[in-house]
Each structure stands twice: as C-alpha cells, then as structure tokens.
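Close look at the chain arrangement
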There are 2 protein chains.
Amino acid sequence: MSKIPYRTYLEEGEMPKSWYNVKVDMKEQHDPFLHPGTKQPLGAKDLEAIFCSELCAQEVNMTDRFIEIPPEIAEYYLTYRPSPLIRAYNLEKELDTPARIYFKFEGNNTSGSHKLNSAAAQVYYAKKQGLTGLTTETGAGQWGTALSMACAYFGIDLTVFMVKVSSQQKPYRKAVMETYGAKVIASPSTTTEVGRSILEKDPDTGGSLGCAISEAIELSMSSDSIRYVLGSVLDHVVLHQSVIGLEAKAAMEKIGEYPDIIIGCAGGGSNLGGLMAPFMGDKLTGKANPYFIAVEPASCPSLTRGKYAYDFGDVGRTTPLIKMYTLGSGFMPSANHAGGLRYHGMSPIMSKLYHDGYLDEARAVEQTAVFEAATLFAKHETILPAPESAHAIKIAIDEGLKCKESGEKKTILVGLSGTGYFDMQAYMSYTDKTMSDGIPSDEDLAPGLAEMEE
Amino acid sequence: MSKIPYRTYLEEGEMPKSWYNVKVDMKEQHDPFLHPGTKQPLGAKDLEAIFCSELCAQEVNMTDRFIEIPPEIAEYYLTYRPSPLIRAYNLEKELDTPARIYFKFEGNNTSGSHKLNSAAAQVYYAKKQGLTGLTTETGAGQWGTALSMACAYFGIDLTVFMVKVSSQQKPYRKAVMETYGAKVIASPSTTTEVGRSILEKDPDTGGSLGCAISEAIELSMSSDSIRYVLGSVLDHVVLHQSVIGLEAKAAMEKIGEYPDIIIGCAGGGSNLGGLMAPFMGDKLTGKANPYFIAVEPASCPSLTRGKYAYDFGDVGRTTPLIKMYTLGSGFMPSANHAGGLRYHGMSPIMSKLYHDGYLDEARAVEQTAVFEAATLFAKHETILPAPESAHAIKIAIDEGLKCKESGEKKTILVGLSGTGYFDMQAYMSYTDKTMSDGIPSDEDLAPGLAEMEE
C-alpha cells in the first residue's frame with residue numbers, strides 16, 4: 001500500500017448526505033427534559049416557544065437513524081467542507097511513537113471551529129419557518145461567529161450575548177461578528193431582566209455562558225418571530241455535528257484505517273458528540289469497540305467531578321431541567337481562557353453514554369499542561385490550535401507516549417475542533433508565565449453539587 | 001460533464017515537484033542589481049553577505065526552467081498544502097454573472113497567507129548552510145508569522161522587525177510569532193543605527209516596511225551566522241511562490257478549465273508573481289493568452305503612478321539598487337491598513353513584465369471600495385479575506401459584472417492570498433465608517449519620483 005497522505009479530503013460525492021442520530025442505537029435514552037415548575041416531562045411542542053419547530057422535532061427524535069441534510073445546508077457545507085483528516089506525521093516523529101495519530105481538523109473556516117456545522121442547520125430551519133431573528137450566547141466567540149456567518153448567508157437578523165470577560169479579551173471576535181452583520185451585547189447586560197438582576201448582585205462579574213444563555217432566552221421569549229439557538233449541549237446540535245464523525249469515518253475507510261482510541265475535548269459536548277457519534281454507533285451495535293476519551297479542563301470538570309443529576313442549563317434557571325453531568329448551574333469557573341469549555345453541564349447524550357460506560361473515560365487536564373501541548377503541536381504540525389482543542393491534543397500526546405512505551409501501534413483519532421487565532425491573549429499569558437490552572441477546591445464545588453438531586 | 005466541485009484539491013501525487021522559474025521564458029531579463037556605491041552590477045557572490053548562498057544562486061538563475069523542491073520543503077508543504085481552488089458559486093449567483101470565478105485560497109495555514117511557501121524554502125536553505133539565526137521585517141505580520149512557523153519547525157533563531165504601526169494595531173500577530181519562538185522588535189527601534197537615526201528625525205513615525213528592512217539588514221550584517229530573509233520583491237521569492245500558480249493550473253486542468261483573466265493583488269509582487277508565473281510562461285511561449293491584472297491600493301500605487309527606475313529597496317538606502325516600478329524609497333504611505341501592500345516598490349520580474357506589456361494591466365483601488373467587496377465576499381463565500389486579497393476580490397467582482405453586461409462566460413482566476421483574522425482593526429474602522437482612502441496627491445509623490453533616474 002502506498003503511504004497514507006498527510007491530508008485526506010473526501011470528494012463531494014463521498015460526503016455525508018445525512019446526519020447520524022446516535023440515539024436510535026442507544027440501549028437506553030437519556031431522561032427527558034422537565035418543566036422547571038411542574039417537573040413534568042417536556043415534548044417537542046413544549047420547546048417551540050424557545051426553539052424553532054424543526055429543531056424541536058429533531059431534539060426528541062429517537063426513531064430516525066439517519067436524517068437527511070437538506071440540499072441548502074449541504075450546499076452551505078460545501079463553502080468550507082469537507083474538512084481534512086490530518087495524519088500527524090511530524091508529531092508522531094517528535095514523540096517517537098509507533099502510534100498513528102489522526103486529527104480531524106474543523107478550524108479551516110472563518111469561525112475557526114466546528115460550530116458552523118450546527119449554525120448552518122439551525123439558521124436554515126429558522127429561515128424556512130419564516131422567523132425574522134435569532135438570538136444566542138457566545139463564550140469564546142466561536143459559536144457567535146459561526147452563527148453570524150450563517151445568518152449573513154441565509155439572511156436573518158442576529159443578536160449575540162457575549163460573555164463579558166470574553167468580549168473584553170476578544171474585541172476582534174466581536175468585530176468579526178459585526179462584520180457579518182450581527183448585533184453583539186456584552187453579558188450580563190442591562191437589556192434584560194436577568195442581566196440587570198445579576199449586575200445588581202455583582203456589578204463586576206465577568207459573566208458566564210449560563211448567564212448569557214438566560215439573557216438570550218429572555219429576548220427570544222419577547223417576540224413570536226425570534227427564537228433562541230444554542231451551539232452545544234442539545235441533542236439536535238450533536239446530531240448536526242455528527243457530520244464531523246461521519247466524514248472522519250469515511251476518510252479513514254478510504255485510507256484503510258479505523259481508530260482504536262477516539263479523543264475529543266468536552267465543553268458542552270457538541271464537538272465530542274459529533275466526532276464520536278458514528279463510532280459510538282459501531283460500539284453500541286457491536287460492530288467495533290473503539291475506546292473513547294473525553295477531555296475537560298481541570299477548572300471546569302463536569303464529568304470527572306460533577307454529579308449526574310437534573311439541573312438547569314443556565315444560571316438564571318429559566319431553561320427546562322436537563323439530566324446531565326453538572327457542577328451546578330450556579331458554578332462560575334475561574335477566568336480560564338478556554339472559553340468554549342467553561343460550561344457547568346454536559347450534553348445529555350454524552351452524559352448518558354458516560355454514565356452507562358460507553359464513553360469509556362473522562363480526563364481533566366490543567367491549563368498550563370494544555371498550552372505546553374498546544375505549543376509543541378503548533379511547532380511540529382504548523383496549526384495553532386484553539387485552547388479547547390488543545391485539551392484533546394494533550395491527551396493524544398499522552399496516549400502516543402504510552403504507545404511508545406508499550407510498543408503498540410494504535411490508531412488514534414483526535415478532534416481538532418478549532419484554531420487559536422482569536423485566543424492569543426491566552427497564548428500570551430502562557431508565554432509570559434502569568435497563566436494559572438484555576439482548579440476549583442472541593443469546597444468551591446460543594447454548594448452547587450449539594451443542591452441537586454441525583 | 002459532472003458539476004465542477006466547490007473546492008478542488010490536488011492529490012499528493014499531483015502536487016508540483018519543482019518550482020517554475022519564469023525568467024527562463026522571458027524574452028528579456030530585468031536589469032541586474034547594482035551596487036549602491038559603485039553602480040556596478042552585482043552577482044550571486046556579492047549578495048551572499050546578506051542572503052544565504054542557495055537563495056543568491058536562485059536569485060540570478062536564468063537557465064533552469066524548473067528547480068526541484070527539496071524533499072524536506074515538499075514535506076513541510078504537506079503540513080498545509082495543497083491549498084484549495086474554490087469555485088465561487090455563491091458570489092457568481094449574487095452578481096448574477098455568467099462568468100466562472102475561481103479563487104486559489106492560500107489562507108488555510110496558521111500564518112494566514114501565501115507567505116509560508118517562501119518562508120519554508122528560505123529557512124530550509126539557511127539551516128542547510130549551517131546558519132544559526134535569521135532576521136527579517138514584517139508589515140501586516142503575515143511574513144513574520146510564516147517565518148516564525150518555519151523557523152520553529154526547522155530549528156533556527158529568528159528576530160523580526162515589525163513595522164511599529166502594525167505592531168500596535170496587531171498585538172496578537174506579535175503573540176503568534178512569539179508563540180512560535182521568534183523575537184519581535186517594533187521598528188524603527190533603538191537596536192540599530194538606522195533605527196536610531198530615523199527616530200531622531202521623526203520620533204512619532206509609525207514606521208514602514210522599507211525602514212524595517214534597513215534595520216533587519218543591519219542586524220544580518222553584524223554576524224557571519226545570521227542572514228537576512230525577505231518575503232517578497234526578490235526573484236527567488238517569486239520562484240518559491242510559483243507553487244501557487246502551478247497548483248492552480250494543475251487543479252484547473254483537472255476540472256477542464258483555463259483562465260481567461262488572472263487577477264492578483266500587488267504589494268511587493270510575490271503573491272502576484274507566484275500566481276501568475278506558470279500562466280505567464282504560457283503567454284511568453286505562445287501556448288495561451290490569458291489577460292493579467294495586478295491590483296494595488298490607491299494609497300500606494302507603485303505600478304499605476306510610480307516610475308520604472310533604479311531605486312533602493314529600503315528607506316535607509318542600504319540595499320542594492322533595484323530596477324523596478326517605485327514611488328521612491330522615501331515614500332511613506334498613509335496609515336493604510338493593508339499592511340502587506342504598503343511597499344514603495346515592486347518585484348523586478350513583475351515590473352519588467354508590466355513594462356514590456358505581458359502583465360497586461362494594473363489597477364489602483366480605494367480602500368473603502370475594497371472593504372465593501374471584502375464584506376460582500378465574506379457573506380456569500382464565508383471566508384473573511386485579508387485586506388490585501390480583497391483588492392483582487394474587488395476587481396474580480398468588477399470583471400464578473402462586466403461579464404454580466406456583455407454576456408461573456410469568462411473564466412476568472414483570482415489569488416485569495418490570505419485571511420483577515422488578524423486585520424479586524426481595519427474591518428472595525430470600515431464598519432464604524434472611520435476608514436479613509438489615504439490617496440497621495442501628485443505633490444506627495446513628486447519629490448520621490450523626481451530624484452530617480454529612469
């Protein structure tokens with residue numbers, strides 16, 4: 001066989017025509033959303049005040065294994081997909097490992113991350129439903145950027161609540177969103193009741209994803225033609241992101257590979273879930289048995305130190321109750337720079353799979369070690385990774401080094417979910433050694449964990 | 001025939017194995033460099049105090065039509081190449097033009113531009129020669145970033161003199177270079193004689209590429225194991241950048257296309273020359289007759305308002321004399337944000353081809369119109385272009401609209417040399433309408449033009 005290429009791209013005709021709905025192959029479903037007041041299970045209809053209808057239908061769909069990607073979305077995907085599957089020859093050489101390490105790289109679009117995959121879908125369905133506006137939150141800015149791009153393309157208004165600390169650290173992220181026509185508001189803001197109430201208690205807060213979510217939901221509830229869109233956590237987002245795993249799987253088949261280990265960083269779970277989905281399907285149906293590792297920041301360790309319980313999705317406690325691994329909706333992570341991983345909870349699908357032992361392992365890693373891995377990767381593979389993605393790189397390096405010791409020629413697939421172009425403040429603090437790990441103590445976590453019922 | 005894909009990638013086996021040396025096919029060569037004191041022609045040996053030996057040999061090579069890409073460089077290219085040839089279906093639809101518009105996109109690497117193609121080559125040859133350090137200047141930061149990436153990979157020290165106005169506008173560019181291990185100094189600086197002398201005359205100057213070049217050359221002359229590297233203008237840079245045109249040509253052949261019009265932005269000429277080279281070869285040898293358009297900023301119009309004359313490459317007047325289109329080495333462009341196009345001169349190869357009528361046309365465009373084009377492009381094609389590249393986009397749109405009027409189904413190839421991720425300050429000034437065009441008056445240009453002999 002000839003040498004495996006550095007980069008494998010699918011042809012247009014080889015690209016996925018449907019998303020894969022992993023729930024159909026799960027032995028047990030995750031528990032349903034509950035109404036925060038009545039504690040009764042919620043169906044698609046109940047969610048339609050917040051989300052657009054098609055997304056609500058997808059959210060509760062447990063019967064269609066494959067859901068067709070509408071031609072308009074498939075066409076949008078073609079403006080930046082397929083994404084490359086990268087054989088990390090140089091990193092392997094540097095580690096002197098017999099492992100074959102592959103990165104599925106989702107950063108080659110202007111939003112710089114995988115978020116665009118779901119943004120395109122959500123905006124398309126909103127437009128189709130006749131809505132005039134969308135609203136959302138953004139932390140690191142990747143989701144907001146992705147959404148602003150999709151809104152510009154499909155022609156719909158967008159208001160983004162951006163976590164205040166991120167909007168201060170990343171003025172250029174804001175500028176990108178505004179270039180694509182979005183309205184960007186630092187959160188907490190005085191434009192919503194929940195924002196005003198948070199500011200009253202803590203005028204100097206840097207904000208959080210949970211808080212920005214509350215503000216966006218409040219805005220969406222204020223008008224019939226505006227809906228809220230969410231870039232992670234929810235089942236329909238994991239569904240859309242399955243395009244990552246489907247492409248990766250097809251590309252690996254093309255070069256005669258199948259992963260022994262699959263590694264993804266875990267924030268809200270969309271990148272993780274999307275990358276793993278089709279391989280998880282193989283595991284659930286007994287076709288293969290890859291080993292799954294979720295990597296989270298030690299500063300926001302929902303899987304490794306959280307509780308599997310019903311909790312709110314936002315700090316304002318306005319969302320339905322979600323059964324997931326969580327640190328408590330009031331958890332405010334330290335000013336960790338991997339903004340995309342600063343969420344207190346985790347995708348219900350990924351939470352359930354972790355709880356049931358299909359998602360084999362979660363590891364929490366410290367930020368300084370993550371940036372050390374990021375810098376090593378950047379030097380040898382040329383790509384400057386997003387801090388989020390660098391969490392997965394750190395563990396990929398660890399696993400590569402284990403293979404060096406054991407001599408095992410494992411095939412490792414890693415989700416490289418984005419680039420670090422807009423995270424230079426974080427890289428600067430790593431370079432000048434002012435970066436901290438921001439690990440919460442047990443006492444920090446105790447109040448949030450105590451108030452949730454298992 | 002099936003539909004042409006949105007993105008065409010070459011397979012590894014289809015990628016260029018050699019660079020193309022357009023000079024071999026030129027009817028007449030450009031005039032040689034002259035010693036600034038004696039005015040005598042300079043050969044390769046004379047240049048070796050400044051540049052590494054292999055690059056000096058390439059600089060004066062007029063006999064080898066194809067120069068093999070060394071395997072180490074070819075391997076480095078594989079970490080980010082091939083770059084895609086993008087069919088701009090959405091832009092065509094928006095313009096309602098029968099033209100087929102293709103963009104060769106060089107921005108999908110961490111440096112964000114085509115500059116990495118020559119950086120990889122120059123660093124490799126320096127390492128091979130046993131040098132321990134390199135020094136250079138950077139304007140927008142793209143060249144410095146590219147070079148810092150290549151230096152990190154091949155293992156060699158780097159000092160970058162960054163135009164002061166750019167280093168203030170783009171602190172994150174500096175941070176990227178430092179992440180890859182480079183030392184970055186704002187220019188003019190007090191570390192060199194020429195820097196100190198410029199600061200004495202004008203302590204508040206924002207600097208210029210010409211001035212930063214002078215400082216870097218002075219540093220390179222201070223040690224036997226340090227050499228200077230330049231990211232544009234010179235013949236060996238155009239040689240390395242021919243990989244853009246060669247890939248574009250091969251990709252177009254793959255889909256059964258050949259360009260009627262080829263459009264590139266013109267700063268020092270490396271992107272322009274690299275994109276055009278193999279097609280220019282076809283024109284010079286009578287195989288085809290594409291129409292070439294160079295696009296420059298109205299704020300720094302070397303081709304459209306400069307003089308074809310011998311001039312210095314730097315403001316400190318330390319370089320050899322170069323026969324080129326120039327606005328005078330003392331020309332200080334207004335604080336135009338397209339940093340990569342703020343150079344007073346133009347590649348001698350491209351200057352000669354323009355002077356002799358093979359490079360058919362040069363157009364100067366105003367900055368606000370450029371950003372209008374950039375924003376339109378970003379919305380429809382999802383990619384946020386570099387301000388430099390957006391100059392070419394502006395003219396591509398103009399040509400597309402001409403085709404709409406005439407009904408001609410022309411094939412247009414455009415160099416999309418980079419992304420605008422690090423140019424958000426400029427996009428912000430466009431969005432908030434504080435952007436100016438900064439066009440020099442005839443009086444501004446007169447002193448510089450008067451002192452040069454034709």
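Residues numbered from 1 in each chain as written. Chains lettered and ligands numbered in written order. Predicted model: local features only at pLDDT ≥ 70, side-chain atom pairs only at ≥ 80, totals over all residues. Heavy atoms only, no water.

Section: the sheet that holds strand S11 (residues 291-297) of chain B
Residue and element names in this part refer to chain B. With respect to topology, seven strands assemble into an open sheet ordered S1-S4-S5-S15-S10-S11-S14, the strand pairing being mixed. The open sheet has two free edges, formed respectively by strand S1 (7-8) and strand S14 (361-365), since each of these has just one partner strand. Of the pairings in the sheet, the one linking S1 to strand S4 (residues 85-87) comprises two bridges and is antiparallel in character. Note on S4: the bridge partner recorded for Thr8 is Leu85. (Pairing = 2+ DSSP bridges. Helix = DSSP H or I, 4+ residues; strand = E, 2+ residues; numbered from the N terminus.)

What to know about helix H12 (residues 270-284) of chain B
All names here are of chain B. Roughly 55° is the biggest bend found in H12, and it falls at Ala277, with proline Pro278 one to four residues downstream. The buried fraction of H12 amounts to 15 of the 15 residues, a majority that puts the element mostly inside the structure. Positive phi appears at Gly286, one or two residues downstream of H12, with a value of about 75°. (Bend = angle between axes of the 7 residues up to and from the residue. Buried < 20%, exposed > 50% of the residue type's maximum accessible area, 1.4 Å probe, protein only.)

Structural notes on the state of the cysteines
By the definition in use, this model includes zero disulfides over all chains. Unpaired in this structure, Cys56 of chain B has its nearest cysteine sulfur neighbour in Cys52 of chain B, at a distance of 6.9 Å. (Disulfide = S-S within 2.5 Å.)

Looking at unusual backbone geometry
Residue and element names in this part refer to chain A. That bond from Arg81 to Pro82 is cis: its omega, 0°, falls within 30 degrees of zero. The topology assignment puts Pro82 in the loop between helix H3 (71-77) and strand S4 (85-87). For the bond from Ser187 to Pro188, the omega torsion is 5°, close enough to zero to count as cis. Within the element layout of this structure, Pro188 appears in the loop between strand S8 (183-187) and helix H9 (193-201). Within the chain, Lys39 stands out as a residue other than glycine whose phi angle is a positive 65°.

Points about the sheet that holds strand S11 (residues 291-297) of chain A
Residues and elements named next belong to chain A. What the seven strands build is an open sheet, ordered S1-S4-S5-S15-S10-S11-S14; its pairing is mixed. Edge positions in the sheet fall to strand S1 (7-8) and strand S14 (361-365), since each of these pairs with one other strand and no more. For strand S10 (residues 261-265) and S11, the ladder comprises five bridges, and the chain directions are parallel. Residue pairing across strands places Ile261 opposite Tyr291, the latter belonging to S11.

Quick notes on the pattern of salt bridges
One side chain can pair with another of opposite charge once the charged atoms of both are near each other. All names here are of chain B. Tallying each qualifying case throughout the model produces 46 salt bridges over all chains. Between Glu14 and Lys254 there is a salt bridge whose closest N-O contact spans 2.8 Å. Taken together, the positions of Glu14 in the loop between S1 and strand S2 (18-20) and Lys254 in helix H11 (residues 235-254) put the pair 240 residues apart, joining distant regions of the chain. According to the relative accessible area criterion, Lys254 is partly exposed, its value standing at 39%. (Salt bridge = Lys/Arg side-chain N within 4 Å of Asp/Glu carboxyl O.)

So, the environment of Glu381 of chain B
Residue and element names in this part refer to chain B. Tracing the backbone through its elements, the reader meets Glu381 in helix H15 (residues 367-381). The exposure class assigned to Glu381 is buried, which follows from its relative accessible area of 4%. The sequence separation of Glu381 and Leu341 amounts to 40 residues, and the corresponding C-alpha distance is 23 Å. Of note is the side chain of Glu381, whose polar atom sits 2.9 Å from the backbone nitrogen of Leu91. (Polar contact = N/O pair within 3.5 Å; in protein donor to acceptor, adjacent residues only side chain to side chain.)

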